[in-house]
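# Examining the three-dimensional arrangement
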Amino acid sequence: MPPSERHADTAETTARRQTDDHGHDTIDPLYAAIVTVSSSRAEAADDSNAAPDDPGGDTVQECFENAGHEVRERLLVRDDYAAIRTAVRGLVARGDIDVVLTTGGTGVTADDVSPEATASLFERELPGFGELFRSLSWDEVGTRAMASRATAGIAVDTPVFCLPGSQSACRTACEDLIVPEAPHLAGLATRHRVE
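Notes on the structure follow. (Residues numbered from 1 in each chain as written. Predicted model: local features only at pLDDT ≥ 70, side-chain atom pairs only at ≥ 80, totals over all residues. Heavy atoms only, no water.)

This paragraph deals with helix α3 (residues 55-66). Here α3 spans 16 Å end to end across 12 residues, near enough to the 16 Å set by a 1.5 Å rise per residue. For α3, the complete set of buried residues consists of Gly 56, Gly 57, Thr 59, Val 60, Gln 61, Cys 63 and Phe 64. Tucked into the core, α3 has its buried residues touching β3 (31-37), β4 (70-77), β5 (99-103), β8 (158-163) and α7 (167-189). Just past α3, the residue Gly 68 takes up positive phi, approximately 90°. (Helix = DSSP H or I, 4+ residues; strand = E, 2+ residues; numbered from the N terminus. Expected span 1.5 Å × (residues − 1). Buried < 20%, exposed > 50% of the residue type's maximum accessible area, 1.4 Å probe, protein only. Contact = heavy atoms within 4.5 Å.)

In a pair of packed helices, the angle between the axes and the distance between the axes together describe the arrangement. Their axes nearest at 8 Å, the elements α3 and α7 cross at an angle of 25°. The angle between the axes of α3 and α7 places the two elements in the roughly parallel class. Helix-helix and strand crossings are classified by hand; for α3 and α7 the assignment is right-handed. Across the interface between the two elements, Pro 55, Gly 56, Thr 59, Val 60, Glu 62, Cys 63 and Phe 64 from α3 touch Gln 167, Cys 170, Arg 171, Cys 174, Glu 175, Ile 178 and Val 179 from α7. In terms of residue class, the contact of α3 with α7 is built from eight nonpolar, three polar and three charged. (Axes fitted to C-alpha atoms, helices over the stretch in contact; angles between N-to-C directions. Parallel < 35°, antiparallel > 145°, perpendicular 65-115°, else oblique. Left-handed = near helix turned anticlockwise from the far one by under 90°. Nonpolar A, V, L, I, M, F, W, Y, C, P; charged D, E, K, R; others polar.)

Let us now look at α7. Between its terminal C-alpha atoms α7 stretches only 28 Å, short of the 33 Å expected from 23 residues at 1.5 Å a residue. In the structure, α7 departs most strongly from a straight axis at Ile 178, where the bend amounts to approximately 50° and where the proline Pro 180 lies between one and four residues downstream. (Bend = angle between axes of the 7 residues up to and from the residue.)

So, about the packing of aromatic side chains. Enumeration according to the criterion identifies two aromatic pairs in this entry. Taken together, a centroid distance of 6.1 Å and an interplanar angle of 20° make the contact between Phe 129 and Phe 133 stacked. In this pair, Phe 129 and Phe 133 both sit in helix α6 (residues 127-141), four residues apart, roughly one turn of the helix. By relative accessible area, which is 1% here, Phe 133 ends up buried. (Phe/Tyr/Trp six-rings, centres within 6.5 Å; stacked < 30°, edge-to-face > 60°.)

Let us now look at the pairing of β8. Burial runs high along β8: six of the six residues are buried. Burial of the side chains of β8 extends over both faces: Thr 158, Val 160 and Cys 162 are buried on one face and Pro 159, Phe 161 and Leu 163 on the other. Sheet topology places β5 next to β8; four bridges connect them, and they run parallel. Bridging across to β8, Thr 102 finds its partner in Cys 162. (Pairing = 2+ DSSP bridges.)

Let's shift gears to the pairing of β5. Here β5 lies mainly inside the structure; five of its five residues are buried. Examined bridge by bridge, β3 and β5 share five bridges and lie parallel to one another. Paired with Val 35 across the bridge in β5 is Thr 102.

Core analysis: the biggest nonpolar cluster contains 26 residues, and Phe 64, Leu 101, Phe 129, Phe 161, Leu 163, Cys 174 and Ile 178 have the highest contact counts within it. Broken down by element, this core gets its largest block of residues, 10 residues, from α7. Sequence-distant contacts of Phe 129, that is, excluding residues within four places in its chain, are made with Ala 150, Thr 151, Ala 152, Phe 161, Cys 162, Leu 163, Ala 173, Leu 177 and Ile 178. With 18 residues, the next largest nonpolar core counts Ala 33, Ile 84, Leu 121 and Ala 155 among its residues. (Core = buried A, V, L, I, M, F, W, Y, C linked by side-chain atoms within 4.5 Å.)

This brings us to the side chain of Thr 106. Tracing the sequence through the fold places Thr 106 in the loop between β5 and α5 (114-119). Among residues more than four places away in sequence, those in contact with Thr 106 are Asp 112, Ser 114, Pro 115, Ala 147, Ser 148, Arg 149, Ala 150, Cys 162, Leu 163 and Pro 164.

At a minimum axis separation of 10 Å, α6 and α7 run at an interaxial angle of 125°. One finds that α6 runs oblique with respect to α7. For the pair α6 and α7, the sense of crossing is right-handed. On α7, the residues touching Phe 129, Leu 132, Phe 133, Leu 136 and Glu 140 of α6 are Ser 168, Ala 169, Thr 172, Ala 173, Asp 176, Leu 177 and Ile 178. Taken together, the residues of the contact of α6 with α7 break down into eight nonpolar, two polar and two charged.

So this is what it looks like as structure tokens:
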């Protein structure tokens, strides 16, 4: 869906739109969506009909809620390009979602396709996110940080972040990078929709 097809700000979004100390647009609180990418968790959920254990997604939700934001949707999909792309595409098309985060599928195995699936939706990439995340990860995991393909971009006016699935990686990404900056990114990405 091209940005021009996404509806203009609703009254609710307008009420959450502010400017920061530098006069930049922000949206606060944010309404977030989390997509957990894991074939094993999806299979376990199918087999037991119960909510799967999802420490990465739980960590992302905790970080956002601790900062006063709201998680509006959580999805679980398999490590499958089409499933990931479909889930993210549906979320960025929604007017009640300001930011989307995926957890899992950012490594180097053959089924790690989250970066490709989400980047195919990006109108603009945010390469600085991956660079900063890997730099922070260096302090935690050393040279293994180079194996992370965490990425971010703007899709249909919505910041989208692809994170590894580990709790530690999700906490680092959210607390140090995403939660502090996402309100600003969401505000800038939608500024053209303000009347």
